[in-house]
Amino acid sequence: MFRNGQRIKPVGSGWGGRRQHQLSWPGQVVRAVAAAFCLGAALLAPAALAQPDPDAPQLPAPLPFLAPFPPASGLPGQVQPVAPGTRPAPALPRLQLTPPIAQVFRTEYLSNGFTEVAHTVLTVTPQERQHLRPLAVFVARRVLAARPSLDEVDISVYDQGSYAGFGGPLPVLTASVPRARLDDFLAWGTRRRPYERVWVNPGNLPQFRQADRVLENVPLPSGAPASSLELQARRQGGRVGGLLYRGKDPSLPLAALTFDDAPHPLFEPLLLDLLRRSGTKATFFVIGRNATAYPYFIRDMVQQGHEVANHTYHHVRLPPLPLADAINEMRWTNTVLRQLTGKPVRYFRPPGGEYTPETLQAARALGLTTVFWTDDPGDFQNPGAATLQGRLQSKLRPGGIVLLHDNAPQMLEVLQNFLRVARQQGYHLTTVGGLPK
Ligand SMILES: [Zn+2]
């Protein structure tokens, strides 16, 4: 068993052991943290944390402490949180809480140069699920106090027995807590007020299906009818037989900016912040199950004027699936997105760009245009920021469709520069819906 990325001590071997807290959380956690707090408070507690907060639940005050932390090795089923690549993604910095919270698996944080966000993953036993609200509030307070530069902490609480990373079974609870909304989150924790940036798994979602580790690399049509359509769609641009490879009128300096595999609780607020700062609207190809678990990010996208599109429910390759399953992958995602946005979904991108004449026809029957791309700079391959920037700039064309991934760290590094250069070159980057078709 791992806690905070480290193997924890077995039962009875001291504070931090999982089973010590199984039956009586948060009581034992509170006592253990309080004891540790007494030992270190004189040296570590800042004056701000010593101020009593009359609205806060009765939980121990956090200790600010940041220490470097080694990256964990991959987990089974962990196809994300960073896009899979031929080169390893750079390790994200980790925040270590001192004293630790037994349920915290890890906290990663990242900045886009303007705002800094942390994502804390927790795992809980069935008994601890009775205390999700106070646990989530306790963790949010501790993380924000431990790193004053954080603007937001996002929380994903998983069932301990089935946790298999971001691509595994969905969390039991998620929350997004901007520092400025911490009081509102505390009020939710004590059931005094509702809080809209939280999601609790209702337990009746579609059965878990493992995501495919596919790269949106080269669109792969299969079958003669789709292939002939593809040639036509590539040649003339615009929508042809339900396919879209590029915009129709190359005389206009318009190109579409698209992000696949959204939303992600660490990267999404950082990406949305950069787009907002530059005034750029984009299309997000959303994984339905992740939209379900992080609905507030989908609402953020719509509120900021972005377009939300379909990228299957489980991020699976469609051609090997029975057609009924492939249709469900598209249909379920349409349903989730329509419920969240109030709008019909118009665009679909198959994972890996893989489709068949049957899935193309099924997408059309669901009102979806199947969208590919003209420019894949390979952000998921982690080629390095300079290489990525060069590829983006050199391939930008009128009518183009730029493919990026919302969870590629190097994308975040270069996006602001790319948007600035594109604007200087006279390009207007927009949504797929904004391209002439
Ligand atoms: Zn994808």
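Fair warning: this is a prediction, and the values are worked out from it, not measured in the lab.

1. Remarks on the overall build of the protein
Item 1. Secondary structure assignment for the protein yields 12 helices and 18 strands.
Item 2. The proportion of buried residues among the 437 residues of the protein is 47%.
Item 3. Contacts in the protein between residues far apart in sequence, at least 24 positions, make up 73% of those at least 6 positions apart.

2. Concerning the packing of helix 6 (residues 267-278) against helix 12 (residues 409-424)
A pair of packed helices can be characterised by two numbers: the angle between their axes and the separation between those axes.
Item 1. At a minimum axis separation of 10 Å, helix 6 and helix 12 run at an interaxial angle of 10°. Comparing the axis directions of helix 6 and helix 12 gives the class roughly parallel. Helix 6 and helix 12 meet at a crossing whose hand is right-handed. Seen from helix 6, the contacting residues are Phe267, Leu270, Leu271, Leu274 and Ser278; seen from helix 12, they are Leu412, Leu415, Gln416 and Leu419.

3. A closer look at the packing of helix 8 (residues 295-303) against helix 9 (residues 323-341)
Item 1. Following both chains from N to C, one finds helix 8 and helix 9 inclined at 60°, their axes separated by 9 Å at the closest point. Crossing handedness for the pair helix 8 and helix 9: right-handed. The segment helix 8 lies against helix 9, with Pro295, Ile298, Arg299 and Val302 engaging Leu337, Leu340 and Thr341.
Item 2. In the contact of helix 8 with helix 9, the residues fall into five nonpolar, one polar and one charged.

4. Side note on the nonpolar core
Item 1. Counting 105 residues, the largest nonpolar core has Ala136, Val139, Ala140 and Val286 as the members making the most contacts within it.
Item 2. Domain assignment of the residues forming this core places at least three in each of domain 1 (2-49 + 62-68 + 90-200) and domain 2 (220-434).
Item 3. Apart from residues no more than four positions distant in its own chain, Val139 is found in contact with Ile101, Val104, Thr120, Leu122 and Ile155.

5. A few points about the pairing of strand 5 (residues 152-159)
Item 1. Counting buried residues along strand 5, seven of its eight residues qualify, which places the element largely inside the surrounding structure.
Item 2. Pairing analysis gives eight bridges linking strand 4 (residues 116-124) to strand 5, with the strands arranged parallel. Looking at strand 5, one finds that Val124 is bridged to Asp159.
Item 3. After leaving strand 4, the chain enters helix 3 (residues 132-146) and then returns to the sheet as strand 5, a path that is right-handed.

6. Overview of the confidence of the model for the protein
Item 1. Scored by pLDDT, the protein comes out at a mean of 80, with 76% of its residues at no less than 70.
Item 2. Considering only residues more than four positions removed or in separate chains, one finds that residues 1-85, a stretch of pLDDT under 50, has 136 contacts.

7. Regarding helix 3
Item 1. Counted at 1.5 Å a residue, the expected span for helix 3 with its 15 residues is 21 Å, and the 21 Å between its end C-alpha atoms agrees.
Item 2. The buried fraction of helix 3 amounts to 13 of the 15 residues, a majority that puts the element mostly inside the structure.

8. Remarks on the sheet that holds strand 5
Item 1. Within the open sheet, the five strands sit side by side as 3-4-5-6-7. Their pairing is mixed. Each of the sheet's edge strands pairs with one partner strand only, and the pair in question is strand 3 (104-111) and strand 7 (198-200). Recorded for the sheet is a direction-independent mean angle of 10° between the axes of neighbouring strands.
Item 2. Relative to the sheet, helix 3 contacts strand 3, strand 4, strand 5 and strand 6 (173-178), its axis offset from that of strand 5 by approximately 140°.

9. Section: the environment of Glu152
Item 1. Position of Glu152 relative to the elements: it lies in strand 5.
Item 2. On the basis of neighbour count, Glu152 is assigned to the buried category, with 26 C-beta atoms found within 10 Å.
Item 3. The sequence separation of Glu152 and Val117 amounts to 35 residues, and the corresponding C-alpha distance is 4.9 Å.
Item 4. Apart from residues lying up to four places away in sequence, Glu152 is in contact with Val117, Ser176, Val177, Pro178, Arg179 and Pro269.

10. Details of unusual backbone geometry
Item 1. The step from Thr98 to Pro99 runs through a cis peptide bond, and the omega angle for that step is 0°.
Item 2. Inspection of the secondary structure puts Pro99 in the loop between helix 2 (47-50) and strand 3.
Item 3. In this chain, Ala262 is followed by Pro263 through a cis amide linkage whose omega measures -10°.
Item 4. As for its placement among the helices and strands, Pro263 is situated in the loop between strand 11 (254-262) and helix 6.

Conventions used here
- Residues numbered from 1 in each chain as written.
- Predicted model: local features only at pLDDT ≥ 70, side-chain atom pairs only at ≥ 80, totals over all residues.
- Helix = DSSP H or I, 4+ residues; strand = E, 2+ residues; numbered from the N terminus.
- Buried ≥ 20, exposed ≤ 12 C-beta atoms within 10 Å, placed from the backbone.
- Contact = placed C-beta atoms within 7 Å.
- Axes fitted to C-alpha atoms, helices over the stretch in contact; angles between N-to-C directions.
- Parallel < 35°, antiparallel > 145°, perpendicular 65-115°, else oblique.
- Left-handed = near helix turned anticlockwise from the far one by under 90°.
- Nonpolar A, V, L, I, M, F, W, Y, C, P; charged D, E, K, R; others polar.
- Core = buried A, V, L, I, M, F, W, Y, C linked by C-beta atoms within 7 Å.
- Domains from an automatic or database assignment.
- Pairing = 2+ DSSP bridges.
- Right-handed = clockwise from strand over helix to strand, strands pointing away.
- pLDDT = per-residue confidence, 0-100.
- Expected span 1.5 Å × (residues − 1).

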